[in-house]
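Residue-level structure breakdown
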Amino acid sequence: MTRQYFGTDGVRGKVGTSPITPDFVMRLGYAAGTVLTKSRTKTSRPVVLIGKDTRISGYMLEAALEAGFSAAGVDVMLAGPMPTPAIAYLTRALRLSAGVVISASHNPYEDNGIKFFSASGNKLPDAIELEIEAALNEPMSCVASEKLGRAKRLEDARGRYIEFCKSTFPHELDLRGTKLVVDCAHGAAYHIAPDVFHELGAEVIAIGNQPNGFNINEGFGATAPQALVEAVRANQANLGIALDGDADRLLVVDAAGRIYNGDELLYIMVKDRMRVRPIEGAVGTLMTNMALEVAFKEMGIGFARANVGDRYVLEALRERGWQVGGEGSGHMLCLDKHTTGDGIVSALQILSALKRSGQSLAQLTEDIAMFPQTLINVKVAPGFDWKKNKDLLAEKEVVEAELGDKGRVLIRASGTEPLIRVMVEAKEADVADKMARRIAAKLTE
């Protein structure tokens, strides 16, 4: 069965346009509720935790989900605005049946989405998502009045999650003497992230922490780091930390205003863990800079590439029994700390690496030189299959032969737009640019 609604990160779209409408979301809650009720092993009724980010549409969608779950006989706990990884943690900690997050992550406020976590705090398996999709095709009904689900608010969600985040930072270390700018993207961590770092001893300047329902990710956060760069310089801070709207993504800025992306942060995490105890390997994606692959090989560490998306990084880590992975966009996974990507927890791992080593971010990354990358997006007709373009494939082979082990080529179709993305990586920027243009030209001929 093919997916109709679920993508790599739940159900997402523009609010008011299918599938992000009140009626569909209510049916989604009902469908998920019927699947949970059918598959439960306990005699008590299922309980689901619902969290959301700060988008204005969250109120409407939260009410619709609550109604759908109630109609299916599922009890609901409401956490209010909370980071996505907080819902994963609280679902597991409270032994609940599932967790649901209303968020479109780094997208603008006009978008929203619904994503699910299992009782273990992991994203739902494909089989369960397909069951929910099948249930969506059935008529919606309602259990008898005496079996309707109840709803209540989880009053201590914020405090529980703050303590969890702090527990992932080494007990023998603290952040005293560290001046941090924390950019919350006017998103779900606005009332949480600054307190986590402050309670560990840091002096915190918070920005992007005044959500109004319409400004999530707008000019702030991991997708717009210039505000953080300016704030770090203006406040003469040691470091800046940027999260995205649902706080599962991280970028870091040093005192000089230099931005460190997910590839560099993954390298720092791996290097720090090797200092404590050897690890077997790490997982990146098809887009991860080749410099990491070379560096990890020299360190005697395995490296695997997954498809783009933290869901696939997670799958690759589990298959191999490894703990650390990430994407250049800042989705970092530390499975020895959490079941899912968590921007705050990842930031604490970077801070602990700095404290343990006594070095700066620049010093920790001075022994790795990122390969220049050229990415060209070529518009194509919907449904175009680049793998059937013989001229393109031939040029790709020629370029790969010329690059040898000093670069690589990646061609992939966009999952959301009629675009073919051509990426070439090489040790010299002009070589990457020239070869990417050669390949892209075959798509426009």
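Structure's up top.
The following paragraphs examine the structure supplied in this document. (Residues numbered from 1 in each chain as written. Predicted model: local features only at pLDDT ≥ 70, side-chain atom pairs only at ≥ 80, totals over all residues. Heavy atoms only, no water.)

Some details on the overall build of the protein chain
When you go through the protein chain residue by residue, the secondary structure sums to 14 helices and 18 strands. Over its C-alpha atoms the protein chain spans a radius of gyration of 23 Å, differing by no more than 12% from the 22 Å that the globule rule assigns to 445 residues. Principal-axis analysis of the C-alpha atoms gives the protein chain an extent of 70 × 60 × 40 Å. Counting only residues that meet the buried cut, the protein chain has 55% of its 445 residues in that class. Pairs at least 24 residues apart make up 70% of the contacts formed inside the protein chain by residues separated by at least 6 positions. For the protein chain, the accessible area works out to roughly 18900 Å², and carbon and sulfur atoms hold 50% of it. Separation between the mean location of the 52 positive side-chain charges and that of the 56 negative ones in the protein chain comes to 3 Å. (Helix = DSSP H or I, 4+ residues; strand = E, 2+ residues; numbered from the N terminus. Rg over C-alpha atoms; globule rule 2.2 N^0.38 Å. Buried < 20%, exposed > 50% of the residue type's maximum accessible area, 1.4 Å probe, protein only. Contact = heavy atoms within 4.5 Å. Areas by Shrake-Rupley, 256 points an atom, 1.4 Å probe, with all protein chains shown as cover. Lys, Arg positive; Asp, Glu negative; His and termini not counted. Charge placed at Lys NZ, Arg CZ, Asp CG, Glu CD.)

As for the side chain of T178
Position of T178 among the secondary structure elements: in the loop between helix 5 (157-167) and strand 7 (179-183). Of note is the side chain of T178, whose polar atom sits 3.3 Å from the side chain of K355. Among all residues touching T178, those that are not within four sequence positions of it are A202, E203, N238 and K355. (Polar contact = N/O pair within 3.5 Å; in protein donor to acceptor, adjacent residues only side chain to side chain.)

Details of the side chain of S70
Of note, S70 is situated in helix 2 (residues 57-71). For S70, the contacting residues outside a window of four places in its chain are V143, L148 and G149.

Examining the packing of helix 5 against helix 11 (residues 343-357)
As a packed pair, helix 5 and helix 11 sit with axes 9 Å apart at the nearest point and diverge in direction by 30°. One way to sum up the angle between helix 5 and helix 11 is to call them roughly parallel. Remark: the crossing between helix 5 and helix 11 carries right-handed chirality. Packed against helix 5, whose contacting residues are Y161, F164 and C165, the element helix 11 presents I344, V345 and L348 at the interface. Residue composition of the contact of helix 5 with helix 11, grouped by class: 6 nonpolar, no polar and no charged. (Axes fitted to C-alpha atoms, helices over the stretch in contact; angles between N-to-C directions. Parallel < 35°, antiparallel > 145°, perpendicular 65-115°, else oblique. Left-handed = near helix turned anticlockwise from the far one by under 90°. Nonpolar A, V, L, I, M, F, W, Y, C, P; charged D, E, K, R; others polar.)

A short note on the pairing of strand 7
With 4 of 5 residues buried, strand 7 lies mostly within the body of the structure. Relative to strand 8 (residues 203-207), strand 7 runs parallel, the two sharing 5 bridges. By the bridge assignment, V181 is partnered in strand 8 with I205. Crossover strand 7 to strand 8 through helix 6 (residues 193-199) is right-handed. (Pairing = 2+ DSSP bridges. Right-handed = clockwise from strand over helix to strand, strands pointing away.)

Focus on unusual backbone geometry
For the peptide bond that leads from S18 to P19, omega is 10°, which places it in the cis range. Tracing the backbone shows P19 in the loop between strand 1 (11-14) and helix 1 (22-39). Notably, R95 is not glycine yet its phi reads approximately 55°, a positive angle. Along the chain, R95 turns up in the loop between helix 3 (84-93) and strand 4 (98-102). A positive phi angle, near 60°, is found at A185, a position not held by glycine. You can see A185 is positioned in the loop between strand 7 and helix 6.

Interpretation note: all reported values are geometric properties and have no functional meaning in isolation.
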